[in-house]
Amino acid sequence: MRRRIEFGCLLILTILWFLFISAWLFAQSSVQMSKQSFRIEYRPDLGVPVVVDWQVSRECLGEVKREPNFKFKEDKECPKPRVKSKHYNKSGYHRGHMCPAADRSKDISSMKSTFIMSNVCPMLPSINTGAWKRTEDEERRLAKSGHVVNVRACALYYPDDTLWIGGGRVAVPHAFIKFLWTDDEAKIYKQYIIENK
């Protein structure tokens, strides 16, 4: 019995050590940036944000609509070489917002702040206008009903078979995960995993 306990403790310590080292290595290769109303953990080697955090509430939402002249801009805070909008041209992938423009529809400045290349990932059109859009609609539905919704969107990569676009500059995520939760009495928690295929 004692050996089982010792083995169990050793196994737990090994797993914790592995998770600590993995998290430390991951943090070494990412750049954290705070934007106007969201936070980004960006991986320059992949050319994408791997984690984006924000909140959405009634106060974030308004009547501003996305206009055709809203263009995605290079993020000057990112290390060089920077991802540009042209890296997505003719790739078959959308510039999929992590923090969506419609979550920042209270004024033009807030909405335009989401149109930076460090806030987008290559998304198949069917995902960007389908399952991913439905998660965005749910965030806003909860916000309009009076909740302050915490949102975390992540790009996921599997160990093998990563596809690159833009001449090898941008890695296409294998999947996306999104968490929605509230800290109020309702204690709402939702999680979505969407494969990018």
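Before reading further, recall that the structure is shown in the block above.
> I keep staring at the sheet that holds strand β9 (residues 175-182) and nothing clicks. Help me out?
Within a sheet, adjacent strands bond to each other through the backbone by hydrogen bonds, running parallel or antiparallel. Strand order across the open sheet formed by six strands is β1-β2-β3-β6-β9-β10, with antiparallel pairing between neighbours. The sheet terminates laterally at β1 (31-34) and β10 (189-195), the two strands that pair on one side only. With strand direction ignored, the average angle separating the axes of adjacent strands in the sheet is 15 degrees. Sheet strands touched by helix α3 (residues 125-144): β3 (48-56), β6 (149-156), β9 and β10. Its angle to β9, the strand with the most contacts, is close to 10 degrees.

> Sorry if this is basic, but what is going on with the pattern of salt bridges here?
Here the idea is simple: oppositely charged side chains can pair when their charged atoms come close. Within the structure shown, the criterion is met by 13 salt bridges. Put simply, D103 and R140 hold a salt bridge, and the shortest N to O gap is 2.7 Å. Taken together, the residues D103 in the loop between β4 (94-97) and α2 (108-112) and R140 in helix α3 connect sequence positions 37 residues apart. Across this residue pair, the class does not change: D103 and R140 are buried. Several salt bridges converge on common partners, so that one network encompasses D103, K133, D137 and R140.

> Which parts of the structure should I look at to understand the packing of aromatic side chains?
In this description, a pair of aromatic rings is defined by centroid distance and the angle of the planes. Using the criterion set out here, one finds four aromatic pairs in the structure. Centre to centre, the rings of F72 and F115 are 4.9 Å apart; their planes meet at 45 degrees, and the pair counts as tilted. Of this pair, F72 sits in the loop between β3 and β4 while F115 sits in the loop between α2 and β5 (120-123); the two residues are 43 residues apart in sequence, bridging distant segments of the chain. Taken as a pair, F72 and F115 share a single burial class, namely buried. Between F179 and Y189, the ring centres sit 6.5 Å apart and the planes meet at 35 degrees, which makes this aromatic pair tilted. With F179 in strand β9 and Y189 in strand β10, this pair connects stretches of sequence that are 10 residues apart. We classify F179 as buried; its relative accessible area is 19%. Members of the aromatic cluster, joined through ring pairs, are F70, F72 and F115.

> Would you mind going over the environment of A143 with me for this structure?
Here A143 shows up in helix α3. Its relative accessible area of 0% is what places A143 among the buried residues.

> I would appreciate a short explanation of the pairing of β1 in the present structure.
It is a general feature of regular strands that their side chains alternate between the two faces of the sheet. Note that β1 and strand β2 (residues 38-43) share four bridges and pair antiparallel. Residue pairing in the sheet places Q32 in a bridge with E41 of β2. The loop that links β1 with its antiparallel partner β2 comprises three residues.

Conventions used here
- Numbers given to residues run from 1 along each chain, matching the order in which its sequence is written.
- Local features in a predicted model are, by the rule used here, given only for residues with pLDDT of at least 70; side-chain atom pairs are given and counted only at 80 or more, and totals for whole chains, interfaces and linings are based on all residues.
- Only hydrogens and water are set aside; all other atoms, that is, all heavy atoms of the structure, feed into the side-chain values.
- Paired strands are those between which DSSP finds at least two bridges.
- For the purposes of this entry, the term helix denotes a DSSP run of H or I that reaches at least four residues, the term strand denotes a run of E that reaches at least two, and both are numbered from the N terminus.
- Axis lines are fitted to C-alpha atoms, over the contacting stretch for helices. Their N-to-C directions set the angle, which ranges from 0 to 180 degrees.
- By definition in these notes, contact holds between two residues if any of their heavy atoms fall within 4.5 Å.
- The term salt bridge refers to a side-chain nitrogen of Lys or Arg lying within 4 Å of a carboxyl oxygen of Asp or Glu.
- Buried, partly exposed and exposed residues are distinguished by accessible area as a fraction of the type maximum, computed with a 1.4 Å probe on protein chains only: under 20%, between the cut-offs, and over 50%, respectively.
- Stacked, tilted and edge-to-face are the three classes applied to pairs of Phe, Tyr and Trp rings, where Trp contributes its six-membered ring and a pair requires centres within 6.5 Å; stacked means planes under 30 degrees apart, edge-to-face means over 60, and tilted covers the rest.

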